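# A structural walkthrough
The primary structure of each chain is shown beneath.
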Amino acid sequence: MDRPLRVAVIGSGPSGMYAADALVNQTAIPVSVDVIDRLPVPFGLVRYGVAPDHLSIRSVRDTLDKTLDKPGVRFIGNLEVGRDISMASLHDYFDAIVLTYGASRDRRLDIPGEDLDGSIAATDFVAWYCGHPDADRATFERLLPTATSAVVVGVGNVAIDVTRVLAKTVGELDHTDMPQHVLETLRASNLTDIHLLGRRGPAQATFTTKELKELGELLEADVVVDPADLAFDEASEQAIATDKAIARNVEVIREWSRREQTGKPRRVHVHFLARPVELRGDDRVREVVVERTALDGSGGVTGTGVLTTIPADLVVRSVGYRGTALDEVPFDERRGVIPNADGRVQRDGASVPGEYVAGWIKRGPTGIIGTNKKDAAATVASLLDDVQNGTLPKPGNASAEQFDQWLAEHANDVVTTQGWRSIDEAERALGQSAGRPRTTIHDTDALLAASRG
Ligand code: NAP
């Protein structure tokens, strides 16, 4: 080929940025990469998923940002595939497409009352406190100041993030880049009790110890664990004996179960063997009906039929993310992922020429940010193998110049790397004006205005 291979990466979260990096870091095949995102800003879940008070994890953003400065890499934001441009057009303009748009939708509990006012998805709450442009600000500004007791369903790291943000004081959060209106709403919160519900036992929880421990170190919240919830069957004992991470989690929870409350104004109650079966309320959710479960000896649980209720005027389900389908792209509805073989998109058992997938939309919503680096590199290796083997489709009808011309015609709408740099500067300046390192701009129009300097 007498020109660089042209690759479009769809989604600028960690897996997209790691894919772009892997593509331009190799020297065997010259590549140019356009990283396309539907939002005006890059970095996906690093910006809109990682908790703002986890500064060291969020600093991954600086590493991802360096990729945008590499020769051959461009950011093109505010451009939605399926809305502004079709997959078919992308195939015309690019030799290969790497889909890395993640898994941004929530999973549901499928229990009665789930749609009552005050019952929300963690994905929406996280989006709101991170300043996502699509977040429903009015709902949170109405719900938080009027809630006194919250139930968070699930015991993964997202549930821990949600609980911590709900339980912290504004003083513990104002060094972050949370939007100012989020801090003000959290300041107006009247929550006194936050209940975290795990349907299995402490040895089966999916949170990690470092994140778990933070719940026991909050300035104004005591952590409360009923010793009766420390139930272990043979499978749990074996897990504790063979998995150090599980043993550490259990040790933290055991220590909490021995703690006396110190009279702090908030309490975080951590429950295990507690499965929500119904949300009840009137014009708003008022309580969660919980069934006691029993470990079944093999890592699962069975219901005992014993029901209790927990008062709750806010219920946050944090039971995992799921991917969504993209027009013209095969999708496995059951698993919520794009079917693939080593990152090559599959349709009816055969690879779709020139289409690849990486990250959560490839393997599901699991792992830490670093997991996506390996995952993206593996997909890029498949893509480069296909180039070497000549199995990529013939270059499309339209040339690179035609895409650039298309971009020029849409210049007022899209955000380039330079536009993102202007947003970045504006967010730092906004933060400094309030004595903070950075304040996230949450509004699409304001982001677009900032991108134009
Ligand atoms: P997750 O770890 O899969 O946790 C989901 C939780 O929901 C589990 O406790 C699960 O219980 C529970 N659950 C599922 N269906 C349920 C139901 N119908 N009723 C009650 N509980 C139910 O997912 P996540 O917390 O959304 O996190 C996604 C990924 O991001 C994970 O890999 C996580 O580690 C990562 N993450 C990492 C960090 C960090 O490193 N700081 C922060 C946030 C997220 P069962 O186990 O019983 O199914």
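Just so it is clear, the structure is predicted and the values come from calculations on it, not from any experiment.

### Points about the packing of helix 1 (residues 14-25) against helix 4 (residues 60-68)
Between helix 1 and helix 4, the least distance of the axes is 9 Å, while the angle of their chain directions is 40°. Comparing their axes, helix 4 and helix 1 come out oblique. Helix 4 is crossed by helix 1, and the crossing has left-handed handedness. Counted together, Pro-14, Met-17, Tyr-18, Ala-20 and Asp-21 of helix 1 and Val-60, Leu-64, Thr-67 and Leu-68 of helix 4 form the full contact between these two elements. Tallied by class, the residues present in the contact of helix 1 with helix 4 amount to 7 nonpolar, 1 polar and 1 charged.

### Quick look at the domain arrangement of the protein chain
Split by domain assignment, the protein chain resolves into domain 1 (5-104 + 323-412) and domain 2 (107-320). For domain 1 versus domain 2, the distance between C-alpha centres works out to 33 Å. Area buried by domain 1 at its contact with domain 2 is led by Tyr-48, Pro-52 and Asp-53, which between them contribute 44% of it. Counting across the domain 1 and domain 2 interface gives 5 salt bridges. A salt bridge links Asp-53 to Arg-164, with the nearest nitrogen and oxygen atoms 2.8 Å apart. Counting every contact that joins domain 1 to domain 2 gives 7 residue pairs in polar contact (both at pLDDT 80 or more).

### Focus on the side chain of His-269
Mapped onto the fold, His-269 is located in strand 10 (residues 266-271). Setting aside residues no more than four positions away along its own chain, His-269 makes contact with Asp-193, Ile-194, His-195, Leu-196 and Val-224.

### Describing the site of the ligand
Residues in contact with the ligand amount to 21 residues; listed here are only the nearest, Val-155, Arg-199, Arg-200, Thr-206 and Gly-367. A distance of 2.8 Å separates an oxygen atom of the ligand from a polar side-chain atom of Arg-200. With respect to the ligand, the side chain of Glu-211 contributes an N or O atom lying 3.1 Å from a nitrogen atom. For the ligand, the protein covers 81% of the area, taking 920 Å² as the surface of the free molecule. Residue contributions to the shell around the ligand peak at 3 residues, all from helix 8 (residues 157-167). Here the shell around the ligand is composed, by residue class, of 9 nonpolar, 8 polar and 4 charged. Per-domain counts for the shell around the ligand show at least three residues from each of domain 1 (5-104 + 323-412) and domain 2 (107-320).

### Topic: the UniProt feature "domain: FAD/NAD(P)-binding" (unreviewed entry) in the protein chain
Within this structure's numbering, the places UniProt gives as "domain: FAD/NAD(P)-binding" (unreviewed entry) are residues 6-169. Between the C-alpha atoms that bound residues 6-169 the distance is 48 Å, and the span itself is 39% helix and 18% strand.

### A short note on the sheet that holds strand 10
Spatially, 6 strands are ordered 6-14-7-8-10-9 in an open sheet, and the strand pairing comes out parallel. Each having just a single partner strand, strand 6 (119-121) and strand 9 (221-224) make up the two edges of the open sheet. Averaged over all pairs of adjacent strands, the angle between their axes in this sheet comes to 20°, without regard to strand direction. Across 5 bridges, the pairing between strand 7 (residues 149-153) and strand 8 (residues 193-197) is parallel. Looking at strand 8, one finds that Ala-150 is bridged to Ile-194. Set on the sheet, helix 6 (residues 122-130) makes contact with strand 6 and strand 14 (314-317); between it and strand 6 the angle comes to about 75°.

### Some points on helix 11 (residues 234-242)
It helps to recall that an α-helix has 3.6 residues per turn; residues three or four apart then point in one direction. Where helix 11 is concerned, the buried positions are Ser-236, Ala-239 and Ile-240. Buried residues of helix 11, viewed axially, fall in a sector of 100°; they line one side. Every exposed residue of helix 11 that faces more than 90 degrees away from the buried side is listed here: Glu-234, Gln-238, Ala-241 and Thr-242.

### What to know about the pattern of salt bridges
Applying the stated criterion across every chain, the model contains 38 salt bridges. In this structure, the salt-bridge partner of Asp-375 is Arg-363, at a minimum N-O distance of 3.1 Å. Of the two residues, Asp-375 sits in helix 14 (residues 371-389) while Arg-363 sits in helix 13 (residues 360-363), which places them 12 residues apart along the sequence. On the accessibility criterion, Asp-375 (9% relative accessible area) is buried. With a closest N to O distance of 2.8 Å, Glu-427 and Arg-438 form a salt bridge. Of this pair, Glu-427 sits in helix 16 (residues 417-433) while Arg-438 is found in the loop between helix 16 and helix 17 (444-451), placing the two residues 11 residues apart along the sequence. Taking the relative accessible area as the measure of exposure, Glu-427 reaches 0% and is therefore buried.

Rules of the game
Residues numbered from 1 in each chain as written. Predicted model: local features only at pLDDT ≥ 70, side-chain atom pairs only at ≥ 80, totals over all residues. Heavy atoms only, no water. Axes fitted to C-alpha atoms, helices over the stretch in contact; angles between N-to-C directions. Helix = DSSP H or I, 4+ residues; strand = E, 2+ residues; numbered from the N terminus. Parallel < 35°, antiparallel > 145°, perpendicular 65-115°, else oblique. Left-handed = near helix turned anticlockwise from the far one by under 90°. Contact = heavy atoms within 4.5 Å. Nonpolar A, V, L, I, M, F, W, Y, C, P; charged D, E, K, R; others polar. Domains from an automatic or database assignment. Buried area = accessible area lost by both parts, 1.4 Å probe. Salt bridge = Lys/Arg side-chain N within 4 Å of Asp/Glu carboxyl O. Polar contact = N/O pair within 3.5 Å; in protein donor to acceptor, adjacent residues only side chain to side chain. Near = heavy atom within 4 Å. Areas by Shrake-Rupley, 256 points an atom, 1.4 Å probe, with all protein chains shown as cover. UniProt positions renumbered as here; feature names shortened; annotations may be inferred. Pairing = 2+ DSSP bridges. Buried < 20%, exposed > 50% of the residue type's maximum accessible area, 1.4 Å probe, protein only. Arc of directions from axis to C-beta.

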